[in-house]
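One-letter residues, chain by chain:
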Number of protein chains: 2
Amino acid sequence: LQKAQAEMKVQIISTGDEVLSGAVVDSNAAWIAGRLYEAGIAVDCHVCVGDDRGHLASVICQAAGQADAAVVTGGLGPTVDDITAQAAALAAGVNLKPHPEATAYLKDFFRRLGRSVSDSDLKQAVLPETASVILNPVGTAPGFTMIIDGCRFFFLPGVPFEMRKMMQDHVISALKSLAAHGRTPDFYREKRLSLFGLPEAKVNERLADLTGRIGNVKLGMLAEFPVIHVKLSGFGKNLNDLDSSLESAASLVREKLGRFLFSETGQSMEEVVGRLLKKQGATLALAESCTGGLISSRITNVAGSSDYFLCSAVTYSNEAKIRMLGVLPETLEAFGAVSEQTALEMARGAAQMSKADYAVSVTGIAGPGGGTAQKPVGTVCIGVFSPKGSYARRYCFPFENRMANKLVFAEAALNRLRKTLINK
Amino acid sequence: LQKAQAEMKVQIISTGDEVLSGAVVDSNAAWIAGRLYEAGIAVDCHVCVGDDRGHLASVICQAAGQADAAVVTGGLGPTVDDITAQAAALAAGVNLKPHPEATAYLKDFFRRLGRSVSDSDLKQAVLPETASVILNPVGTAPGFTMIIDGCRFFFLPGVPFEMRKMMQDHVISALKSLAAHGRTPDFYREKRLSLFGLPEAKVNERLADLTGRIGNVKLGMLAEFPVIHVKLSGFGKNLNDLDSSLESAASLVREKLGRFLFSETGQSMEEVVGRLLKKQGATLALAESCTGGLISSRITNVAGSSDYFLCSAVTYSNEAKIRMLGVLPETLEAFGAVSEQTALEMARGAAQMSKADYAVSVTGIAGPGGGTAQKPVGTVCIGVFSPKGSYARRYCFPFENRMANKLVFAEAALNRLRKTLINK
């Protein structure tokens, strides 16, 4: 990992007993760090403290001594736990007072809701006297900004969507202009290549010798089981140069990972498949056993999927396979429910009953029970019906876990459909 | 929120550019905090710094001055980024040297893998000279513990399952015995009540006046859309007293939230429904339109669901509703696909074709498109077929988002089934 090329240092401070005690994961800090990183602003460190006025005040004082700016989240609400404004006043050595702009905003906010404003609501407008208010367009608790000991502080609510809105509307640009004093801000670009079918360790191995060959481009990996994203990103003064460095790096990644890549736009497998079906004006039916509806649920997560998706028969029992899909009892008897033969009849049956152009079937053993020596947990047969013909394939994945198997079976089936649609 | 009743203060320090830059959320810190909290040990703060030797050393020195103990994760691996041992040595003012026990362990580890050990592997055994090794039973990087400035430090790998194993095997008990000097350690107990059908603000309102009536019991809320968990927890010297305080608090929560509660064991709605079906020896079929297979996917997430789940017809198109479920074209024509009448015929059709004892159907408008003034996005009709009769109900949820609607429709359908199974 390379560091952002920036001189200004920003601290991220999270407050709240629920974060300190581990009841809530501090995803605010990661989100803020990500946005600062993209803006070319270096993060100094994250600190998390509980709802303790004295402790928070000392963390604020310390940040003021170490960093050029700080983003503090949480503790701005109406309850007794919300002590951030008090801690900020204590750290700055100033008084608290009702802030006229924030008070007027709160009164108006509650008037529009048809509610009268209570004293505890108005407590949210009591801010350090040297603070300027940052209005919260999507909630009640206003934020504020002030300078303590030469360090610019931004105090924001802990509610993620309120904090994010205020970061995007106000804080990022304020920090960028702070950072721009004395330097030209860098552009940031990223490109994500998504792949399926190769374990993380193998991806690592294949990409190992790219380090040193991709210049200023940063190479990262993000596993979102069973998919892996290779993330290329970089900063630069010139946008064309930056884009062409990223493209050179991407073509090296393509060389190494070739046929495992399925998306370079951040699209999921179901989005890629949906786009291909839409382009061909084709329709899809599914026949799912062990995935239990997961594939059709993913297909229908995509808005507009009703244009190409007709139906799925989730046939968990053998009777359902026979009745809904017309699988022959003799096939189940001779080869078993988890077999290429059954998968093929399921796919053909789904196509026949729905008149869909394409059909995909899945039958396998997700576990934890049901495995045998010949067909261990992780075995799956995938059938495909297409205008060009039908086929079935067997795979064996190394997972013991039911959820992991459902996820990887669904991804493999969608990937089979994708390869069929692009004729590979 | 109440604080853990403990005198010892522990800091949690995470290292790594990937966490600092927000590429990875710091879930290690939350996990460690949760385990410490359960063990009755107070967390002072979390700090996260990048892979910078000097900066990490200064954070270590500072923790030594503020806390009684600290858990540091990350930076123990074989690469140049792994600088934690160096930072610890720098902070303690001691030299680094190859640790004999760790070296022997690494050599043995690689021998068992049939690989020779490289210099970069052996770098992981180079530790501050005053450190004692904490063996890593599930990976290569050993951890270590040492006292710096009177503060007990535990250095662990950043890989979550390695860190967790070493915390559980070693660190928690070491911290407990540190904390036990001068006091009896407390017991910890928690109870989780899960509910569906009431927005978070309303839950908050109903529980507001419980504060002050539940003694030492801590009341927390955890939203896992569309489900809300009310978490009751507490510390105590006497296990019976603690359990009875939790039970008194739980009965107050039951009074306030009554019919919205569906689980007091942490079980999900699909687990509760599965248990009820199994108990009655009954079978289930589904007919899903707008949920697109999500309900059957959730039902089949439960191991052993093949005992009661037969099949689901995911009928996205009207043709599929007619062909797979026998919905009458006249019904679709007269009332529309999203109607109580269609839902009822879908549920009856699913029961008929599968011979299931119970059947549930869902047809609605998940959005973003497809809403009308009469049937806006968020409208859903749920049909239920049961041995005691059939019925359908219409709901209108206030969400615009497709995923939110799929989730809430699925939960509502499972909840309808649950209420039917318990005759309510």
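Here is a short report on the structure shown in this document. Everything numeric here is computed off the predicted structure, so don't read it as measured data.

About the cut-offs
- Note that residues are indexed from 1 along each chain, following the sequence as it is written.
- For this description, chains carry letters from A and ligands carry numbers from 1, given in the order in which they are written.
- Side-chain atom pairs in this predicted model are given and counted only at pLDDT of 80 or more, local residue features only at pLDDT of at least 70, and totals for whole chains, interfaces and linings cover all residues.
- Side-chain figures throughout are based on the complete set of non-hydrogen atoms in the structure, without hydrogens or water.
- Strands here mean DSSP runs of E at least two residues long; helices mean DSSP runs of H or I at least four residues long; both are numbered from the N terminus.
- Burial classes follow relative accessibility: with a 1.4 Å probe on protein chains only, a residue under 20% of its type's maximum area counts as buried, one over 50% as exposed, and anything between as partly exposed.
- We call two residues contacting when some pair of their heavy atoms lies within 4.5 Å.
- Only rings of Phe, Tyr and Trp enter the pairing, Trp through its six-membered ring, and a pair is recorded when the two centres are within 6.5 Å. The plane angle decides the type: under 30 degrees is stacked, over 60 is edge-to-face, the rest tilted.
- Definition used: whenever NZ (Lys) or CZ (Arg) falls within 6 Å of the ring centre and also within 35 degrees of the ring normal, the charge is taken to sit over that ring.
- We treat two strands as partners when DSSP finds at least two bridges between them.
- Axis definition: a line fitted to C-alpha atoms, over the contacting stretch in the case of helices. Angles run 0 to 180 degrees between N-to-C directions.
- Put simply, buried area is how much 1.4 Å-probe accessible surface two parts lose in total, over both of them, once they are put together.
- When a carboxyl oxygen of Asp or Glu is within 4 Å of a side-chain nitrogen of Lys or Arg, the pair counts as a salt bridge.
- By the criterion applied in these results, polar contacts are pairs of N or O atoms within 3.5 Å in which, for protein atoms, one can donate a hydrogen and the other can accept it, and in which residues neighboring in sequence qualify only through two side-chain atoms.
- The sign given to each residue is positive for Lys and Arg and negative for Asp and Glu; His and the chain ends receive no count.
- Any angle that falls under 35 degrees is termed roughly parallel, while one over 145 is termed roughly antiparallel, one within 65 to 115 roughly perpendicular, and all others oblique.
- The handedness criterion is simple: a crossing whose near helix is rotated anticlockwise from the far helix by less than a right angle is left-handed, and one whose near helix is rotated clockwise is right-handed.
- Amino acid classes used here: Ala, Val, Leu, Ile, Met, Phe, Trp, Tyr, Cys and Pro are nonpolar; Asp, Glu, Lys and Arg are charged; the rest, including Gly, are polar.
- Overlaid copies result from least-squares superposition on C-alpha atoms, with residues included only where pLDDT is at least 70 in both.
- To estimate how far a helix should extend, the number of its residues minus one is multiplied by 1.5 Å.
- Here, the arc refers to the directions that run from the helix axis to the C-beta atoms.

The subject of this paragraph is the side chain of Thr342(A). Residue and element names in this part refer to chain A. Relative to the helices and strands, Thr 342 resides in helix 14 (residues 340-354). According to the relative accessible area criterion, Thr 342 is buried, its value standing at 0%. Not counting residues up to four positions away in its chain, the partners in contact with Thr 342 are Lys 321, Val 327, Thr 331, Leu 332, Gly 336 and Ala 337.

The full count for this structure, using the stated rule, is 16 aromatic pairs over all chains. Ring geometry for Phe225(B) versus Phe399(B): centroids 5.1 Å apart, planes at 85°, classification edge-to-face. Here the residue Phe225(B) occupies a position in the loop between strand 10 (218-224) and strand 11 (227-236), and Phe399(B) occupies one in the loop between strand 17 (389-396) and helix 15 (402-421), the gap between them amounting to 174 residues. On the basis of relative accessible area, Phe225(B) is assigned to the partly exposed category, the value being 41%. Among the aromatic side chains, those forming a connected cluster through ring pairs are Tyr105(A), Phe109(A) and Phe110(A). In this structure, Arg35(A) is placed above the aromatic ring of Trp31(A), and the distance from its NZ or CZ to the ring centre is 5.1 Å.

Turning to the sheet that holds strand 16 (residues 379-386) of chain A, a few remarks are in order. Taking strand neighbours across the sheet as the criterion, the ten strands line up as 17(A)-16(A)-15(A)-13(A)-14(A)-14(B)-13(B)-15(B)-16(B)-17(B) in an open arrangement whose pairing is mixed. In the strand order of this sheet, the two ends are held by strand 17 (389-396) of chain A together with strand 17 of chain B, each with one partner. Pairs of neighbouring strands in the sheet enclose a mean axial angle of 10°, with direction left out of account. Taken together, the six bridges between strand 15 (residues 358-364) of chain A and strand 16 of chain A define a ladder with antiparallel strand orientation. Bridge assignment links Ala359(A) to a residue of strand 16 of chain A, and that residue is Phe385(A). Of the strands in this sheet, strand 13 (284-288), strand 15, strand 16 and strand 17 of chain A are in contact with helix 15 (residues 402-421) of chain A, which crosses strand 16 of chain A at around 30°. Of the strands in this sheet, strand 14 (309-315) of chain A together with strand 13 (284-288), strand 14 (309-315) and strand 15 (358-364) of chain B are in contact with helix 12 (residues 318-325) of chain B, which crosses strand 14 of chain B at around 145°.

What follows deals with the pairing of strand 8 (residues 151-156) of chain A. Strand residues, when the strand is regular, have side chains that alternate between the two faces of the sheet. Residues and elements named next belong to chain A. In terms of burial, strand 8 is largely enclosed, as five of its six residues are buried. As paired strands, strand 7 (residues 143-148) and strand 8 are joined by five bridges and run antiparallel to one another. Within strand 8, the residue paired with Ile 147 across the bridge is Arg 152. Where strand 7 folds back onto strand 8 in an antiparallel hairpin, the turn is made up of two residues, including Asp 149, whose phi is positive at roughly 55°.

Let us now look at the interface of chain A and chain B. Listed per partner, the contact involves 63 residues of chain A and 62 residues of chain B. Together, the buried faces of chain A and chain B total about 4,600 Å²; carbon and sulfur atoms form 54% of this surface. Across the contact surface, chain A and chain B share zero salt bridges. There are 33 residue pairs in polar contact (both at pLDDT 80 or more) connecting chain A and chain B. The pairing of strand 2 (residues 42-49) of chain A with strand 2 (residues 42-49) of chain B spans five bridges and is classified as antiparallel. Paired with Val49(A) across the bridge in strand 2 of chain B is Cys45(B).

For the rest of this paragraph, the subject is the side chain of Asp26(A). Topologically, Asp26(A) is positioned in the loop between helix 1 (17-20) and helix 2 (27-38). In this structure, Asp26(A) is buried with no salt-bridge partner, the nearest side chain bearing the opposite charge being Arg164(A) at 9.7 Å. Among the polar contacts made by the side chain of Asp26(A), one reaches the side chain of Ser14(A) at a distance of 2.7 Å. A polar contact is formed between the side chain of Asp26(A) and the backbone nitrogen of Ala29(A), at a distance of 3.3 Å. Beyond its immediate sequence surroundings of up to four residues, Asp26(A) is in contact with Ser14(A), Val19(A), Cys48(A) and Val25(B).

Here we take up the packing of helix 10 (residues 269-280) of chain B against helix 15 of chain B. Residue and element names in this part refer to chain B. At a minimum axis distance of 10 Å, the contact between helix 10 and helix 15 shows a crossing angle of 30°. Looking at the two axes, helix 10 sits roughly parallel to helix 15. Between helix 10 and helix 15 lies a crossing of left-handed hand. For the pair formed by helix 10 and helix 15, the contact residues are Met 269, Glu 270, Val 272, Val 273, Leu 276, Leu 277 and Gln 280 on the first element and Glu 411, Leu 414, Asn 415, Leu 417, Arg 418 and Leu 421 on the second. In terms of residue class, the contact of helix 10 with helix 15 is built from eight nonpolar, two polar and three charged.

Turning our attention to the sheet that holds strand 11 of chain B. Residues and elements named next belong to chain B. Overall, antiparallel pairing links the four strands, which are arranged 10-11-9-12 in an open sheet. In this open sheet, the two edge strands, each paired with only one partner strand, are strand 10 and strand 12 (261-263). Neighbour-to-neighbour, the strand axes of the sheet open up by a mean angle of 35°, direction not taken into account. In this structure, strand 10 lies alongside strand 11, joined through seven bridges in antiparallel fashion. Along strand 11, the bridge assignment pairs Leu 219 with Leu 232. Seen against the sheet, helix 9 (residues 239-257) touches strand 9 (187-196), strand 10, strand 11 and strand 12 and runs at an angle of roughly 15° to strand 9.

On to unusual backbone geometry. All names here are of chain A. Cis rather than trans, the peptide bond between Phe 225 and Pro 226 has omega equal to 0°. Counting through the fold element by element, Pro 226 comes out in the loop between strand 10 (218-224) and strand 11 (227-236). Phi angles above zero are rare outside glycine, and Asp 149 is one such case at about 55°. You can call Asp 149 exposed: its relative accessible area is 67%. Residues other than glycine seldom take positive phi values, yet Lys 355 does so here, at roughly 60°. The residue Lys 355 is located in the loop between helix 14 and strand 15 in this model. Of the residues examined, Lys 355 reaches a relative accessible area of 61% and is grouped as exposed.

Right, let's get into the relation of the copies chain A and chain B. Least-squares fitting of chain A to chain B yields an RMSD of 0.5 Å, with the superposition described by an axial translation of 0.5 Å and a rotation of 180°. In short, the pair behaves as if placed about a two-fold rotation axis. Residue by residue, 98% of the interface of chain A is reproduced at the interface of chain B, so both copies engage with the same surface.

Residues and elements named next belong to chain A. Here helix 12 (residues 318-325) crosses helix 14 at 40°, and the two axes come no closer than 9 Å. As judged from the angle between their axes, helix 12 and helix 14 are oblique. Contact residues: Lys 321, Met 324 and Leu 325 in helix 12; Thr 342, Glu 345, Met 346, Gly 349, Ala 350 and Met 353 in helix 14.

Attention now moves to the pattern of salt bridges. Residues and elements named next belong to chain A. In this structure the tally under the stated criterion is 28 salt bridges over all chains. Where Asp 209 meets Lys 256, a salt bridge forms, and the shortest distance between an N and an O atom there is 3.4 Å. Placement of the pair is Asp 209 in the loop between helix 8 (200-207) and strand 10 and Lys 256 in helix 9 (residues 239-257), with a sequence separation of 47 residues. Residue classification places Asp 209 among the partly exposed positions, given a relative accessible area of 43%. Look at the salt bridges and you will find they share partners, linking Lys 191, Glu 247, Arg 254 and Glu 264 into a network.

All names here are of chain A. If you check helix 9, its first and last C-alpha atoms are 27 Å apart, about what 19 residues at 1.5 Å a residue would give, namely 27 Å. Of the residues making up helix 9, those classed as buried are Leu 242, Leu 246, Ala 249, Ala 250, Leu 252, Val 253 and Leu 257. Projected onto a plane normal to the axis of helix 9, the buried residues spread over an arc of 160° and lie on a single side. Summarising the geometry of helix 9, the exposed residues directed more than 90 degrees from the buried face are Asn 240 and Glu 255. Elements in contact with the buried residues of helix 9: strand 9 (187-196), helix 8, strand 10, strand 11 and strand 12 (261-263).

Residues and elements named next belong to chain A. Relative to the helices and strands, Ala 70 resides in strand 3 (residues 69-73). Separated by 56 residues in sequence, Ala 70 and Val 126 have C-alpha atoms that sit 21 Å apart. Excluding anything up to four places from it in sequence, Ala 70 contacts Val 10, Gln 11, Cys 151, Arg 152, Phe 153 and Phe 154.

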